[in-house]
Amino acid sequence: MATDNYKEISNLFFDILQDNLDEASFAWLQHAGKASELTKLGQSFVLLPRKTGKLIIKISSNQLKTIEKLELTTIKEWTVDRLARVWLLHSQSYQPAGKAKAVIENLFLSAEVNEAVALYLAIPFLSEPESWINQCTEGIRSNIGVVLEAIMENNPYPSKYLSEAAWNQLVLKAFFTEKNINNIIGLAERANASLALTLSDYARERYAAGRKVNPALWQLTAPFLDEKIFEAMKIGLQKQDTADKMAITEAIKSSDYKPAKRYMEDLAFSESSK
């Protein structure tokens, strides 16, 4: 988790920001990150884009090496104001006695869209990350696409800290809102039987409505394949969607559920006999 490398991450963000800001803006940001400025954190957080601008950050080759080492490659796509906001929250959250927590909680309550995105992106970098579980869980209920993406995609926090129920809710909503499933960190590692059943029910509902199913769904069900899940798969195998059929076939191949394997053998024999 990012907080395990607090100093290295803080130094990396600091260096990138120094390279991307003019002297006056960087001095202002440094001042805003001081412990004595905690009472003004909310004001600084809101004002920050006016000081930094919103250009995509420029990164040196040495900084890129550190980014890759720390597995933070997604920050390459961040704007200067987003990185500065995350750095500011990161810095203030490590001030003595966790005094920043209440201030940051209030920022979540009043945040507009871009502020909310920065707040959720900052959670993995905050002090005492386990104390933000409820906030992350609450964020999954959002109906704002970019906020959900900040929580779901390329964010290491959910897979490490969320309960199984909250994690399953996140994954189901990611499919439902058509997020990039491949960008969910820890997806395979946190696959579970309850999620597999929920996803198969979701697929069944999609099929009944004449809609397509994201093929990535089926691989999450493979380790937990049973009679009920397989019934949903059989519906998919009868559809015309090639990608869906291939995904179901691969899921069955990688499973230990013998009735599904026999079904596929019989299906293959029937098709070859035509």
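Here, the structure is the one placed above.
Now for a description of the structure that goes with this document. (Residues numbered from 1 in each chain as written. Predicted model: local features only at pLDDT ≥ 70, side-chain atom pairs only at ≥ 80, totals over all residues. Heavy atoms only, no water.)

1. Let's talk about the side chain of S142
- Tracing the chain through its elements places S142 in the loop between α8 (133-139) and α9 (145-152).
- Those residues in contact with S142, other than ones at most four positions away along the chain, are V147, L148 and K173. (Helix = DSSP H or I, 4+ residues; strand = E, 2+ residues; numbered from the N terminus. Contact = heavy atoms within 4.5 Å.)

2. A few points about the environment of L195
- By secondary structure assignment, the location of L195 is in helix α12 (residues 193-208).
- Judged by its relative accessible area of 1%, L195 falls in the buried class.
- On a C-alpha basis, the gap between L195 and A165 in space is 8.6 Å, while along the polypeptide they are 30 residues apart.
- In contact with L195, other than residues within four places in its own chain, are W167, N168 and V171. (Buried < 20%, exposed > 50% of the residue type's maximum accessible area, 1.4 Å probe, protein only.)

3. Focus: the nonpolar core
- If you look at the biggest cluster of nonpolar residues, it comprises 86 residues, and the most contacted ones within it are F13, L17, L89, I104, L170 and W218.
- The residues touching L89, leaving out its near neighbours within four places in the chain, are L41, F45, I104, L107, A118, L119, A122 and L126. (Core = buried A, V, L, I, M, F, W, Y, C linked by side-chain atoms within 4.5 Å.)

4. Topic: the pattern of salt bridges
- Taken as a whole and judged by the stated rule, the model has seven salt bridges.
- The partner of E8 in a salt bridge is K69, with the nearest N and O atoms 2.8 Å apart. Of this pair, E8 sits in helix α1 (residues 6-20) while K69 sits in helix α4 (residues 61-69), and the two are 61 residues apart along the sequence.
- You can call K69 exposed: its relative accessible area is 59%. (Salt bridge = Lys/Arg side-chain N within 4 Å of Asp/Glu carboxyl O.)

5. Section: the packing of aromatic side chains
- Applying the stated criterion across every chain yields a total of eight aromatic pairs.
- Ring geometry for F14 against F26: centres 4.9 Å apart, planes inclined by 65°, an arrangement best described as edge-to-face. Within this pair, whereas F14 is found in helix α1, its partner F26 is found in helix α2 (residues 23-32), the two being separated by 12 residues in sequence.
- Judged by its relative accessible area of 25%, F14 is partly exposed.
- An angle of 65° between the planes, with centres 4.9 Å apart, marks the rings of F108 and Y120 as edge-to-face. Highlighted residues: F108 in helix α6 (residues 100-110) and Y120 in helix α7 (residues 113-122), separated in sequence by 12 residues.
- You can call Y120 buried: its relative accessible area is 7%.
- Each residue in the set F14, F26 and W87 is aromatic and connected to the rest through ring pairs, giving one cluster.
- The cationic tip of R85 hangs over the ring face of F45; the distance from NZ or CZ to the ring centre is 4.7 Å.
- Across the ring face of W132, the terminal group of K101 is positioned such that the distance to the ring centre comes to 4.6 Å. (Phe/Tyr/Trp six-rings, centres within 6.5 Å; stacked < 30°, edge-to-face > 60°. Lys NZ or Arg CZ within 6 Å of the ring centre and 35° of its normal.)

6. So, the layout of surface pockets
- What the largest pocket holds in volume is close to 640 Å³.
- Residue lining of the largest pocket: 25 residues in total, with T74, L121, E153, N154 and N155 positioned closest to the centre.
- At the level of secondary structure, the elements contributing two or more residues to the lining of the largest pocket comprise α7 and α9.
- Sort the elements by how many residues they give to the lining of the largest pocket and α9 lands first, with three residues. (1 Å grid on protein atoms, 1.4 Å probe; cavity = no way out; pocket = protein on both sides within 12 Å on 5 of 7 lines; lining within 4 Å. Points joined across faces, edges and corners; volume = space filled by probe spheres on them.)

7. As for a nonpolar patch on the surface
- On the surface, V113, I144 and V146 cluster together to form a nonpolar patch covering roughly 200 Å² of accessible area.
- Its place among the elements puts V146 in helix α9. (Patch = residues over 30% accessible without salt bridge, like charges linked within 9 Å, V, L, I, M, F, W, Y side chains within 5 Å. Areas by Shrake-Rupley, 256 points an atom, 1.4 Å probe, with all protein chains shown as cover.)

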